[in-house]
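Fold and geometry: a report
The lines below spell out each chain.
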Amino acid sequence: MSSSPPRTGPLTDLRVIELGQLIAGPFCGQIFADMGADVIKVEPPGQGDPLRDWGREGFPLWWAVVARGKRCITANLREKEGQDIVRQLVAQADFLLENFRPGTLEKWGLGYDELRQINPRLIMIRVSGYGQTGPYASRAGYASVGEAMGGLRYVMGEADRRPSRAGISLGDSLAGLYAALGALAALHHREKTGEGQMIDATIYETVLSVMEALVPEYQFEGYTRERSGSILPNIAPSNIYEGSDGMVIVAANQDTVFARLCAAIGQPELKDHPDYKTHVARGRNQQQLDDLIQAWASSRPIDEIERVMIENGVPVGKVYRAADMLNDPHYAARESLTEVPSQRWPGIRQQNVFPKLSVTPGRIRWAGPEAIGQHTEEVLTELLDLSPEQVAKLRASGIV
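Everything quoted here is computed from the prediction, not taken from an experiment.

Regarding its fold elements, the chain presents 17 helices and 11 strands. Summarising its shape, the C-alpha atoms of the chain cover approximately 80 × 50 × 45 Å along the three principal directions. Residues counted as buried form 44% of the 400 residues belonging to the chain. Relative to all contacts within the chain whose residues are 6 or more apart in sequence, the contacts with residues 24 or more apart total 68%. Side-chain charges in the chain split into 42 positive and 50 negative, and the spacing between the mean points of these groups amounts to 2 Å.

Between helix H16 (residues 376-383) and helix H17 (residues 388-396), whose axes approach to 10 Å, the crossing angle comes to 130°. Viewed along their axes, H16 and H17 adopt a mutual orientation that is oblique. The crossing of H16 and H17 is right-handed. Contact residues: Thr376, Glu377, Leu380 and Thr381 in H16; Pro388, Val391, Leu394 and Arg395 in H17. Considered class by class, the residues forming the contact of H16 with H17 number 4 nonpolar, 2 polar and 2 charged.

A cluster of nonpolar side chains, contributed by Ile240, Met247, Ile249 and Val319, occupies part of the molecular surface with about 280 Å² of accessible area. By the secondary structure assignment, isoleucine 249 is in strand S8 (residues 247-251).

Another point: H16. Among all positions of H16, only Thr376, Glu378, Val379, Leu380 and Leu383 are buried. Buried residues in H16 make contact with strand S1 (15-18), strand S2 (38-43), strand S3 (71-74), helix H3 (80-90) and H17. At the C-terminal side of H16, aspartate 385 shows a positive phi close to 60°.

It is worth spelling out the sheet that holds strand S5 (residues 123-128) at this point. One open sheet accounts for 6 strands, arranged S3-S2-S1-S4-S5-S6; its pairing is parallel. Strands at the two margins of the open sheet, each flanked by one partner only, are S3 and strand S6 (198-202). Shown here is a sheet whose adjacent strand axes are inclined to one another by a mean of 20°, direction ignored. Relative to S5, strand S4 (residues 95-98) runs parallel, the two being bridged by 4 bridges. Bridge pairing in S5 links leucine 96 to methionine 124. On the sheet, helix H7 (residues 170-193) packs against S4, S5 and S6 and is oriented at approximately 160° with respect to S5.

Let us look at the pattern of salt bridges. All told, the structure shown has 26 salt bridges when counted by the stated rule. Lysine 271 is the partner of aspartate 272 in a salt bridge, and the nearest nitrogen-oxygen pair spans 3.0 Å. Classification of lysine 271 by relative accessible area gives partly exposed; the value is 34%. Between arginine 344 and glutamate 370 there is a salt bridge, and its shortest N-O distance comes to 3.9 Å.

What follows is about helix H13 (residues 302-311). Since one α-helical turn is 3.6 residues long, residues separated by three or four positions face the same way. Listed in full, the buried residues belonging to H13 are Ile302, Ile305, Glu306, Val308 and Met309. Burial along H13 is one-sided: seen end-on, the buried residues are contained in an arc of 165°. Facing away from the buried side of H13, by more than 90 degrees, are the exposed residues Ile310 and Glu311. Looking at the buried residues of H13, the elements they touch are S8, helix H10 (255-264), helix H12 (286-297) and strand S9 (316-318).

Every other side chain in a regular strand lies on the same face of the sheet, so the side chains alternate between the two faces. Where burial is concerned, the two faces of S3 agree: the one with Arg71 and Ile73 and the one with Cys72 and Thr74 are both buried. Pairing analysis gives 4 bridges linking S2 to S3, with the strands arranged parallel. Across the sheet, the residue bridging to isoleucine 40 is arginine 71, located in S3.

About the thresholds
- Residues numbered from 1 in each chain as written.
- Predicted model: local features only at pLDDT ≥ 70, side-chain atom pairs only at ≥ 80, totals over all residues.
- Heavy atoms only, no water.
- Helix = DSSP H or I, 4+ residues; strand = E, 2+ residues; numbered from the N terminus.
- Buried < 20%, exposed > 50% of the residue type's maximum accessible area, 1.4 Å probe, protein only.
- Contact = heavy atoms within 4.5 Å.
- Lys, Arg positive; Asp, Glu negative; His and termini not counted.
- Charge placed at Lys NZ, Arg CZ, Asp CG, Glu CD.
- Axes fitted to C-alpha atoms, helices over the stretch in contact; angles between N-to-C directions.
- Parallel < 35°, antiparallel > 145°, perpendicular 65-115°, else oblique.
- Left-handed = near helix turned anticlockwise from the far one by under 90°.
- Nonpolar A, V, L, I, M, F, W, Y, C, P; charged D, E, K, R; others polar.
- Patch = residues over 30% accessible without salt bridge, like charges linked within 9 Å, V, L, I, M, F, W, Y side chains within 5 Å.
- Areas by Shrake-Rupley, 256 points an atom, 1.4 Å probe, with all protein chains shown as cover.
- Salt bridge = Lys/Arg side-chain N within 4 Å of Asp/Glu carboxyl O.
- Pairing = 2+ DSSP bridges.
- Arc of directions from axis to C-beta.

The structure is reproduced here in structure tokens:
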């Protein structure tokens, strides 16, 4: 009998076996766990996922988010006995999730062709830098490289310096999200046909998918998007403006909204000025328009700027940091952050399950399990009918 808190959400009847480590694959597993699936993460004995140690010195908090709600077991996948444990778990699973370099699972006898012989309904979710096919498939692939190859890095940052990055592992998380989407689409197919399949999710193609019209703009216009800092060229006004005590974003590039902005800053006549009357004109005179708004904002506190813009129906928002999120009434009302049970980090608050479902909302049952292999005996006795003595023998031999 499981000692884990009961699962809730729309996916409580599904089981995911999660292999791999770090971010892209495990973020996909996090989504499934948040939505109620039984996610069993397999880690190397005595070593665990390297993410367990990621974070500022003394505060490896990343693991507590990405591994939340998962049951963690150990199995040495380089040994036949460890591989056999995965095969037995796959027989009772809906999904197998992995983000090793392509070819690794095949080397261990755990490739898709082998596993679908055990479970024809299995949906295998494979996340990698470059994919399971193609000339780059065997390369090691991290999010930073995928973001560069997919086109994102080139357009991020200021025009007068080398490309920047987002400050988060955006390519990894997006790839995990797309992998979850593909898996649920495959699940719908399986419900109609009984047939499983393989999901091939790559970091570079994930990034490519959100690059808007970047490729056809070059193909038909010869236009290459460049780095533009805090603006989008010719979309004005839409920028970050500095008040006397912080920063806000104001977005008023639509004609009717721009008219309201002009009234808000006490210059209603600007809406009819030939330099700003149309979208094209505002784009052409973007810098001088930004300078006008900045001159108005610079002497005002951001609370006042926000109040004035809201009163006039102009989209506005403070540039939030963690402290702002923890103290914001809208965050609180929607429970965007929630306290998660944790032995190591009591009171830890994390981003809540998202999206929100009205009938079957997900729930975070715990922060990432502290002990490596914390649920090994529970899972192996519950699902594989092993005795505690058999588990102890496997542990003594280094298999789990």
